[in-house]
Every structure is written in C-alpha cells, then in structure tokens.
Amino acid sequence: MNNEIPKPPRPDDICPRPDKPVVQTTQPMAPAIYPTSVWMCNDTNQADDLLARKLDGYIYQRDGHPNADAFAEKVAALHVADCVAVTSSGMAALSLAALSQLVPGDHVVVGKQLYGRSLLLLTQELNRLGITSTLVDTCDLDATRAATTSATKLVVVETIGNPCLNVADIAALAEIAHGQDAKLLVDNTFATPVLCRPLELGADFVLESVSKMMNGHSDVMLGVLCGREQDWDRVPMALAAWGLASSPFDAWLAVRGLATMHLRVERACETAQRVADALCGEGSVEHVDYPGLPNHFQHDLATKQFGGSYGAIVTFRLAGGRSAADAFIAAAKRIPFCPSLGEATTTLSHPESTSHRGLSSAEREVLGISGGTIRLSIGLESTDFVITAIQEALTAA
Ligand SMILES: Cc1ncc(COP(=O)(O)O)c(C=O)c1O
C-alpha cells in the first residue's frame, strides 16, 4: 500500500500554463478581446501552412488577430472595399500604402493641403528612399494633371482638407491619376465613410485615421487602409514586415466606437452647419470656412459628393490675428484647446501653433491660415451649448 501523500503541484507548474479553451453553448453579446501575442500550433505542417498563408488562422499578433479582422470586416462593408488592413495609426496606414506600392525612382503627386505629418512622410521621408514628389493644389485639376508624369505611381489627397476644408473632386482626380497609370489614394479622415466612400467614386485606396471620428472617444490610436484585390498583393507582407499592425485592445475599442459612428457624425454635422451659420454673423470673425456654406467655393461639389452633410469641422479667422486667437482660446472655458479632432467633446485647435507650425508664414498664407485661424471640431453636446460657448468666448475675448 502506498501511503505517500501526493505532492501538491508547484505554483510555477500551474500558473504559467495556458488556459483550457472556452467551450461555449451561447455566444457573448459583446465581442471578446484577444490580447494574445502568439497562438499555439498543432503540428509543423499547420505552422508551415499558417505562416505561408495557405491556411486561414492566426499565429502571431503582428501578422493578424481576430480583433483587427472584426474591425476590418465592418470597414470593408462601409467602404465597399475588397480588402482592409488595420494599422497602429493613420500614419501607419499611409506608410503601408507607400511601402507596399512604391519603389525607388517612383514619383508621388501630393496635395499641398494634406495633414502636416503626411506631407513630411510623402516628401522628406520618401525622398530618403529615392521616391520623388511634387506638391500641388489638388483643387486645381489642370495643375494636378500637369504635375503627374509617367513616373507617378500615387496621387494623394484628402477628401476634406485641413484646416480650410477644401474638397477633393475624387472622380476627376481618379481620372487624372489613371491617365498616367497611377493610383489615387484618398485620406478620408475628415469625411468618414458616413459622408463619403471614395472607392465608389474611382479612388484606388482609402485611408482613415480611426483615432478621430470613426472611433470618436479620444481613446484609440488606429488607422485603416482600404483597397481592391488587384492592388493588394504586397499589402499583408508590408504590414507584417514593417511592423505596422494594430493592437487588439484598440481594434476592440474601435469596433465599439464604430457602432455609433453614423449617429455621432450626423449629430456633429448638424451642429457644425448651425455653428458655421452663427459665426458668419459675428463682427470679430473675418472669414468662415465650411463646405456647407453656400459661399464656400466648393459648396456644389461638396453637396454632390457628400449628399447634404458637410462634416464636423468648422474653421474661422478672427480679424485680430494671433492676439485675438490667444484671447479667444483663454476665454473659451467650455471648449478645450485640443490639437486633434473627432472627439465626443467640442474642441478647438490653432493651426499656426500646432498642425501647421512647421510651415513658413508665407506658406501658411497660401493655405489661408493666419494667426487668427481657429479650427473647431464639433462634438455631441446640444447645438445651443456649443453656439453659446463660442459666442461667450467671442464676447469675452
Ligand atoms: C487628415 C489626417 N490624416 C491622418 C492623420 C494621422 O492619423 P493618426 O494620428 O491616427 O496617425 C491625421 C492626424 O491628425 C489627420 O488629421
């Protein structure tokens, strides 16, 4: 008879062991988060097939994970895209487009109204890799056509530009790009798929900074690149090899944010239109940029392309320049100075000291930015709250 008392298992042989798989008879209503960095393989053949992408499945988070796939599936449906890559930021989505589509000797036509960091990437960073670029006002279609050459592989524009809210004529720009066998890449961050689906208008790639309106809660850093099957060959490998992939938690939060995107964007657009109208009647405001205003130089194009909503961003110029802007920002107690956009809260930014600080004052002037330019990102408060908060600040400044 063996009277030996069984030894209790050692904690270090229990705690680090993987959990048993959860067998579910019912489905959770909220999606699960899979923070795992790696997945276990059954055998060498399976590992081989997974890594060669012959078998669908996960093996290493940087190559793909269920939370990115869940988000990508929804974005693909929203943008009517064959393929979507989820990246660690909007800038990573732009890097992915460049790194997967361009080689040394290629040329890129870059809209001069692009987000500052995008300009930096597409001009200075790509130049280090032997890719040249030409900056052009992409609202001027003749100038854009003239800037494309037989070496041009990408034309890059934003659906709604920052901060003066110029609108890209996507169908016309696609025609120009395709005339040189180049691809049109549209940054749709200011529009979101609620206002615009650039692929349907002829664009080849769309990117979104999900960190903004698509998530909408100031708690995610994420991007997406969307495109078509025939342009996608190099994208998954570039995503994995350059390490541009997303985190599961951010992708999970983005799925949650996306559930209310259409409601948030509609609400913010309605208030933004009312704010733009109200600012036009203010004596200290010398100019208002909003595509929803009938006097905006691209109002008709915006109406045709966006179907009657014009975005959540309103930009205005104070007659008193930088000192007036400083006084307005100090007086705007209920509107945080927050150099991003697309939050649930209405926020303001000052392009001269933030997004466009790297430009000379002459370059800013060409873009319509002065020291008195304020960019508002309209949030989800009541319209009365937002208008009163702005008017209070204008009066106190
Ligand atoms: C229009 C636009 N595109 C891209 C980006 C970059 O996105 P992210 O901050 O997610 O890298 C930004 C960020 O401000 C942006 O405004």
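For clarity, every value in this text was computed on a predicted model and none was experimentally measured.

**Q** Looking at this structure, I do not really get the sheet that holds strand β7 (residues 223-227). What am I missing?
**A** What links the strands of a sheet is backbone hydrogen bonding, and the strands pair in either a parallel or an antiparallel sense. Spatially, β1-β7-β6-β5-β4-β2-β3 is the arrangement adopted by the seven strands of the open sheet, whose pairing is mixed. Of all strands in the sheet, those with a lone pairing partner are β1 (83-87) and β3 (132-136), marking the two edges. When strand polarity is set aside, the average angle formed by the axes of neighbouring strands in this sheet is 20°. Relative to strand β4 (residues 152-158), strand β2 (residues 107-111) is paired through four bridges, and the arrangement is parallel. Bridge pairing in β4 places H107 opposite T152.

**Q** What's the story with the domain arrangement of the chain in this structure? I'm lost.
**A** It is common to give the size of an interface as the accessible area lost on bringing the parts into contact. Entries for the chain in the domain assignment read domain 1 (65-258) and domain 2 (261-396). Between domain 1 and domain 2, the contact holds 26 residues from the first and 31 residues from the second. Broken down by secondary-structure element, the contributors of at least two residues to the side of domain 1 that touches domain 2 are α8 (192-195) and α10 (248-258).

**Q** Would you mind showing me how to read the environment of G202 here?
**A** Relative to the helices and strands, G202 is located in the loop between α8 and β6 (205-209). A sequence separation of 175 residues divides G202 from Q27, and the C-alpha atoms of the two residues are 39 Å apart.

**Q** In this structure, what is going on with the confidence of the model for the chain? I would like to understand it.
**A** Close inspection of predicted coordinates is inappropriate for parts of the model with low pLDDT. Averaged over every residue, the pLDDT of the chain is 96; residues scoring 70 or more account for 99%. Confidence, expressed as mean pLDDT per element, reaches its minimum in the chain at helix α14 (residues 361-366) with 89 and its maximum at β7 with 99.

**Q** Explain the packing of helix α3 (residues 66-79) against α10 to me, please; I cannot follow it from the model alone.
**A** Relative placement of two packed helices is described by the angle separating their axes and the distance separating the axes. It is at 8 Å that the axes of α3 and α10 come closest, and there the two elements cross at 30°. It follows that α3 is roughly parallel to α10 by the angle criterion. The handedness of the crossing between α3 and α10 comes out as left-handed. Residue-level contacts link N67, A68, A70, F71 and K74 of α3 to P248, A251, W252, A254, V255 and L258 of α10. Its residues assigned to classes, the contact of α3 with α10 comprises nine nonpolar, one polar and one charged.

**Q** I'm lost on the sheet that holds strand β8 (residues 285-289) in this one. Help?
**A** The strand order β8-β9-β11-β10 describes an open sheet built from four strands, whose pairing is antiparallel. Edge positions in the sheet fall to β8 and β10 (347-349), since each has one partner strand and no second. Each neighbouring strand pair of the sheet contributes to a mean axis angle of 25°, computed without reference to strand direction. Strand direction decides the pairing type here: β8 and strand β9 (residues 313-318), joined by four bridges, are antiparallel. Counted as the bridge partner of D289 is T315 from β9. Sheet contacts for helix α11 (residues 261-280): β8, β9 and β11 (373-377); angle to β9, the most-contacted strand, approximately 15°. Sitting on the sheet, helix α13 (residues 321-331) is in contact with β9, β10 and β11, with an inclination near 130° to β9.

**Q** Would you explain the site of the ligand in this entry?
**A** If you check the shell around the ligand, you find 15 residues, and the closest are S89, G90, M91, S209 and S211. Grouping the amino acids of the shell around the ligand by side-chain chemistry returns four nonpolar, nine polar and two charged.

Basis of the calculations
Residues numbered from 1 in each chain as written. Predicted model: local features only at pLDDT ≥ 70, side-chain atom pairs only at ≥ 80, totals over all residues. Pairing = 2+ DSSP bridges. Helix = DSSP H or I, 4+ residues; strand = E, 2+ residues; numbered from the N terminus. Axes fitted to C-alpha atoms, helices over the stretch in contact; angles between N-to-C directions. Domains from an automatic or database assignment. Contact = placed C-beta atoms within 7 Å. pLDDT = per-residue confidence, 0-100. Parallel < 35°, antiparallel > 145°, perpendicular 65-115°, else oblique. Left-handed = near helix turned anticlockwise from the far one by under 90°. Nonpolar A, V, L, I, M, F, W, Y, C, P; charged D, E, K, R; others polar. Near = placed C-beta within 6 Å.

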